[in-house]
Amino acid sequence: MICQKFCVVLLHWEFICVITAFNLSYPITPWRFKLSCMPPNSTYDYFLLPAGLSKNTSNLNGHYETAVEFNSSDTHFSNLSKTTFHCCFRSEQDRNCSLCADNIEGKTFVSTVNSSVFQQMGANWNIQCWLKGDLKLFICYVESLFKNPFKNYKHKVHLLYVLPEVLEDSPLVPQKGSFQMVHCNCSVHERCECLVPVPTAKLNDTLLMCLKITSGGVIFQSPLMSVQPINMVKPDPPLGLRMEITDDGNLKISWSSPPLVPFPLQYEVKYSENSTTVIREADKIVSATSLLVDGILPGSSYEVQVRGKRLDGPGIWSDWSTPHVFTTQDVIYFPPKILTSVGSNVSFHCIYKNENKIVSSKKIVWWMNLAEKIPQSQYDVVSDHVSKVTFFNLNETKPRGKFTYDAVYCCNEHECHHRYAELYVIDVNINISCETDGHLTKMTCRWSTNAIQSLAGSTLQLRYRRSSLYCFDIPSIHRMSKPKDCYLQSDGFYECVFQPIFLLSGYTMWIRINHPLGSLDSPPTCVLPDSVVKPLPPSSVKAEIIKNIGLLKISWEKPVFPENNLQFQIRYGLSGKEIQWKMYDIYDAKSKSVSLPVPDLCAVYAVQVRCKRSDGLGLWSNWSNPAYTVVMDIKVPMRGPEFWRIINGDTMKKEKNVTLLWKPLMKNDSLCSVQRYVINHHTSCNGTWSEDVGNHTKFTFLWTEQAHTVTVLAINSIGASVANFNLTFSWPMSKVNIVQSLSAYPLNSSCVILSWILSPSDYKLMYFIIEWKNLNEDGEIKWLRISSSVKKYYIHDHFIPIEKYQFSLYPIFMEGVGKPKIINSFTQDNTEKHQNDAGLYVIVPVIISSSILLLGTLLISRQRMKKLFWEDVPNPKNCSWAQGLNFQKKMPGTKELLGGGWLNQ
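Definitions and limits used
Residues numbered from 1 in each chain as written. Predicted model: local features only at pLDDT ≥ 70, side-chain atom pairs only at ≥ 80, totals over all residues. Heavy atoms only, no water. UniProt positions renumbered as here; feature names shortened; annotations may be inferred. Helix = DSSP H or I, 4+ residues; strand = E, 2+ residues; numbered from the N terminus. Buried < 20%, exposed > 50% of the residue type's maximum accessible area, 1.4 Å probe, protein only. Contact = heavy atoms within 4.5 Å. Areas by Shrake-Rupley, 256 points an atom, 1.4 Å probe, with all protein chains shown as cover. Pairing = 2+ DSSP bridges. Axes fitted to C-alpha atoms, helices over the stretch in contact; angles between N-to-C directions. Disulfide = S-S within 2.5 Å. Patch = residues over 30% accessible without salt bridge, like charges linked within 9 Å, V, L, I, M, F, W, Y side chains within 5 Å. Salt bridge = Lys/Arg side-chain N within 4 Å of Asp/Glu carboxyl O. Lys, Arg positive; Asp, Glu negative; His and termini not counted. Charge placed at Lys NZ, Arg CZ, Asp CG, Glu CD. Core = buried A, V, L, I, M, F, W, Y, C linked by side-chain atoms within 4.5 Å. Phe/Tyr/Trp six-rings, centres within 6.5 Å; stacked < 30°, edge-to-face > 60°. Lys NZ or Arg CZ within 6 Å of the ring centre and 35° of its normal.

In the annotation of an unreviewed UniProt entry, the entry for the protein chain reads Leptin receptor, and the organism field reads Theropithecus gelada. Under Sequence similarities (unreviewed entry), UniProt gives the following word-for-word description of the protein chain: "Belongs to the type I cytokine receptor family. Type 2 subfamily." Of the comments in the UniProt record for the protein chain, the one headed Function (unreviewed entry) reads "May transport LEP across the blood-brain barrier. Binds LEP and mediates LEP endocytosis. Does not induce phosphorylation of and activate STAT3."

Structural data, given as structure tokens:
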């Protein structure tokens, strides 16, 4: 029982100690307060005692006082026993002294200093504390208020502090050993700075402190002080103080909040205005970071300072910012610069001051670039001194050298000030194109700034807003938009990628042009990803020429996405460096192949295919990778080669060697290659046989029969040619002569005209063979097959006029080769006539044209000469003094003029 009662008493005592420590501590105020230490028996003239404190007592109603005591053993104080000083706080708002509290360490005894002066005058200090703006240091300034006899004493100040932990985890009463001590910097005379580090986590905790001050060998100790650091924040001064004239003609004072402040601030703004007509000062408190001052005048000077303090709750005003001075010009434009878009309407205001006198707004005129006076119909009188001009439906500003704006001048009736306002008008019509990839996983949007006038200091940004479903009928700019990062590509376009995407959501997007003068938005456009799908190109594209049909067959596979019906487009052309494409459209969504006619079945064709949604939405896919045809035999050759012969041997003998000559078949005739040639022989006695000559174009055989017919066949991988040429060698037919005459007329070194005359014949003439060769050379014989209806033929070859040539004309009959007509030189008769006849059609038109041109030139020249030389010469027939004179008669002493006569005018 006794133990329980003892514990209860102990608990009550600890509770009382807690109340004593926390409730009897002096709460530090945001403003300056004073520490006063007084000796006993002092009067109020020197000290302000705590309320109810007796001058002759050392305690007050059971509370302990802070005291300073001196040892009586000191030689200077032999007549004193002990002297106790009472220390307390008082504020500027409350001049009564606060309750004294017992010092933490007990009483202090000093025996080395004469205290007679302290006993008479006491000691006083000004104290001010705050939490620095970075929220890391709690600062207390201690300033001595000692009278003159003590100014030379050196001061030493220490601050003891403790940040108690949460009550449940810590002793209820801070013990002596729990206090930490910091040495205060007293480098500044009579002023000491004490710095207490405060952890960020303890800004809301209670900080307990007391001061130990040593002055003149005497140690003074203050009562206990308490404070919550968060309630004593002294912010840093506001930053970035600036002033500008707003678009409404007001002076806007703006600034930035200091960093690291954990709560909103209020601001005190003090400014002064100095002009030739007005001088005024003002002091205003605002919660925003700007202040508007109206009634500004040209040629005025404004000086501004700002400081900040916690908006809600206790706090300390920051120091004043550095003064900022702003001077208005003699001509004030508001706004001074305007950035706008094509087709908009804007207005400028101005106040004009001339020779310390403000010009009436009715006398103000406006000019554009000092070259174009703005019509008065665009003026408005806002007030006695404020004039306004409005521009309607603006066109894009055309750059003039380095100037990218139009200069707008506000002038009085007689002169313009050199200052001007700037008008920037740009075209913001930016086309944004988007496409959704074939996998339906992302949407890529592109836009170019080539059509936009470059404006220094501007940045462009794509902004968008996604709707839940589809696009609205009229897209509009929404304030709840999001920016999208776009990157400049090598082709000059910006590219933005949306991933993932919602196929049926409407993406409204526009380009925002940000500039210090303001922001402009391009007309918004809405894109539905499902409507701009660019499919993957068709795959497995193949191209081939179909055998026996001769058509170009193209086949492909459609892409997996999108699942909509697709239309296809094919382009094909002869493979080469520059392909001349032909297009073919297919609208059947189920088609996977098509066959097309082509002119050359033996050429290599390049083929590509692309696709698009058949409902008209979306984009064409890229072209597929090209597919190429392979040249191969399509059909049997269309015909065999044309051929001729060379006969060698004795003309008196019946056995002769015949050499057949032919030219390789072209691809269009061979369809598409020739592997070998076969010679078919047919005679009346020995029947028919064949000989394979491979790829050779020459073959010799022995002609022994009276009639021998040969045929040359072309063979490819499919078969032999169907239409072939036959040539019959017949002894009787070789004597049939139907060519009466043959003439050869050289036109030039590259052309010879060959003409002939035929006699009637009973044989059916099939065609002619013309042979020619240079008799001075051992070159091969050249030959041509020509129609039987031709009577004149132009041979194009290289001919040397001084050389001798042999020309032969062979008539070819169904029964065999007839007798040729052979000449060994050019025909001399009428050579010049043929040459002239050949060139007559060219020379005559040239002569006629030249004659007409010359005649016209002479007529025009004659008229010009008459006008030049005789324009001012009067007609003598119209002159009274010349009546009756004969101007045809030569005057004495003169020469004939232009043939002895006057020119008629």
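Asks: I'd like a description of the overall build of the protein chain, backed by residues and values.
Replies: Scanning the protein chain from terminus to terminus reveals 4 helices and 63 strands. Here the protein chain holds 905 residues, and 41% of them are scored as buried. The contacts in the protein chain between residues at least 6 apart in sequence include a share of 64% that link residues at least 24 apart. Carbon together with sulfur atoms contributes 52% to the accessible area of the protein chain, which is approximately 51000 Å² in total.

Asks: How would you sum up the sheet that holds strand E50 (residues 643-648)? Please name residues and give values.
Replies: Across the sheet, 3 strands lie side by side as E50-E51-E54; this open sheet has antiparallel pairing. At either end of the open sheet lies a strand with only one pairing partner, and these are E50 and strand E54 (698-703). Here the strands of the sheet are splayed against their neighbours by 25° on average, with no regard to which way each runs. By the bridge criterion, 6 bridges tie strand E51 (residues 656-662) to E54 in an arrangement that is antiparallel. Bridged to asparagine 657 within E54 is leucine 702.

Asks: Could you give an account of the state of the cysteines, with specific residues and numbers?
Replies: For the structure shown, the criterion picks out 10 disulfides. Cysteine 471 shares a disulfide with cysteine 526; S-S distance 2.0 Å. Taking the torsion about the sulfur-sulfur bond, which here is approximately -85°, the covalent link between cysteine 471 and cysteine 526 counts as left-handed. Of the two residues, cysteine 471 sits in the loop between strand E36 (459-466) and strand E37 (482-484) while cysteine 526 sits in strand E42 (residues 525-527), which places them 55 residues apart along the sequence.

Asks: Give a description of the sheet that holds strand E33 (residues 421-426) that names residues and reports values.
Replies: Spatial ordering of the open sheet is given by E25-E33-E32-E28-E29, a layout of 5 strands whose pairing is mixed. Edge positions in the sheet fall to strand E25 (337-341) and strand E29 (372-373), since each of these pairs with one other strand and no more. In terms of strand pairing, strand E28 (residues 365-368) meets E29 through 2 bridges, oriented antiparallel. The partner of tryptophan 367 across the bridge, within E29, is lysine 373.

Asks: Got a sec to walk through a positive patch on the surface? Specific residues and values, please.
Replies: A cluster of like positive charges, contributed by Arg465, Arg466, Arg479 and Lys482, occupies part of the molecular surface. In this fold, arginine 479 is placed in the loop between E36 and E37.

Asks: Could you give an account of the nonpolar core, with specific residues and numbers?
Replies: A general tendency of soluble globular proteins is for nonpolar side chains to be buried together. Residues Phe138, Val142, Leu159, Met209, Ile253, Trp255 and Val269 are the most contacted members of the largest nonpolar core, which totals 64 residues. Ranked by residue count, the leading element in this core is strand E8 (residues 123-131), at 6 residues. Leave out the neighbours within four places in its chain, and leucine 159 touches Cys140, Gln180, Met181, Val182, Cys184, Cys194, Val196, Met209, Cys210 and Leu211.

Asks: Account for the pairing of strand E15 (residues 218-221), with residues named and values stated.
Replies: Sheet faces and side chains relate simply in a regular strand, where the side chains alternate between the two faces. The sheet contact formed by strand E14 (residues 207-215) and E15 spans 4 bridges and is antiparallel. Bridging across to E15, serine 215 finds its partner in valine 218. The turn linking E14 back onto E15 is made up of 2 residues, and glycine 216 within it adopts a positive phi angle of 60°.

Asks: Residues and numbers for the pattern of salt bridges, please.
Replies: For side chains of opposite charge, pairing can occur when their charged atoms come near one another. Taken as a whole and judged by the stated rule, the model has 15 salt bridges. Here lysine 337 ties to glutamate 422 by a salt bridge, and the two come within 3.8 Å at their closest N and O atoms. One end of the pair, lysine 337, is in strand E25; the other, glutamate 422, is in strand E33, with 85 residues separating them in the sequence. Taken together, the shared-partner salt bridges connect Arg446, Asp491 and Glu495 into one network.

Asks: Break down the pairing of strand E57 (residues 739-748) for me, with residues and values.
Replies: Of the pairings in the sheet, the one linking E57 to strand E58 (residues 751-758) comprises 8 bridges and is antiparallel in character. Residue pairing in the sheet places serine 743 in a bridge with serine 755 of E58. In textbook terms, the turn of a hairpin is the stretch between consecutive antiparallel strands, and for E57 and E58 this stretch comprises 2 residues.

Asks: Go over the environment of alanine 456 with me, naming the residues and quoting the values.
Replies: You can see alanine 456 is positioned in the loop between strand E35 (443-448) and E36. In this structure alanine 456 comes out as exposed when scored by relative accessible area, which is 69%. A C-alpha to C-alpha distance of 9.1 Å links alanine 456 and threonine 404, two positions 52 residues apart in sequence.

Asks: Explain the side chain of threonine 827 to me, using residue names and the numbers behind them.
Replies: In this fold, threonine 827 is placed in the loop between strand E63 (821-823) and helix H4 (831-870). Residues within four places of threonine 827 in sequence aside, it is in contact with Leu742, Ser743, Ala744 and Tyr745.

Asks: Requested: an account of a nonpolar patch on the surface, with residues and values cited.
Replies: Taken together, the side chains of Leu469, Tyr470 and Leu504 present a nonpolar region at the surface, about 290 Å² in accessible area. For tyrosine 470, the location among the structural elements is in the loop between E36 and E37.

Asks: Tell me about the side chain of threonine 436, and please be specific about residues and values.
Replies: Position of threonine 436 among the secondary structure elements: in strand E34 (residues 432-436). Apart from the residues within four sequence positions on either side, threonine 436 is in contact with Lys442, Met443, Ile501, Leu503, Pro529, Val532, Val533 and Lys534.

Asks: Can you explain the packing of aromatic side chains? Please cite residues and give values.
Replies: Evaluated as defined, the whole model comprises 30 aromatic pairs. Seen in terms of ring centroids, tyrosine 26 and phenylalanine 33 are 5.3 Å apart; in terms of plane orientation they differ by 50°. Their pairing is tilted. Among the residues examined, tyrosine 26 registers a relative accessible area of 13% and is labelled buried. On the basis of relative accessible area, phenylalanine 33 is assigned to the buried category, the value being 2%. The interplanar angle of 80° and the centroid separation of 5.5 Å between the aromatic rings of phenylalanine 33 and phenylalanine 89 together place this pair among those described as edge-to-face. In this pair, phenylalanine 33 sits in strand E2 (residues 33-38) while phenylalanine 89 sits in strand E6 (residues 86-91), placing the two residues 56 residues apart along the sequence. The same class applies to phenylalanine 33 and to phenylalanine 89, which are both buried. An aromatic cluster is built from Phe403, Tyr405, Tyr409, Tyr420 and Tyr424, whose rings are joined through pairwise contacts. In this arrangement the basic side chain of arginine 571 is found over the ring face of tryptophan 581, its NZ or CZ atom lying 4.4 Å from the centre.

Asks: I'd love a proper account of the environment of leucine 35, names of residues and values included.
Replies: Relative to the helices and strands, leucine 35 resides in strand E2. Residue leucine 35 is classed as buried on the basis of its relative accessible area of 1%. Remark: the alpha-carbon pair of leucine 35 and asparagine 124, spanning 89 residues in sequence, is separated by 5.6 Å.

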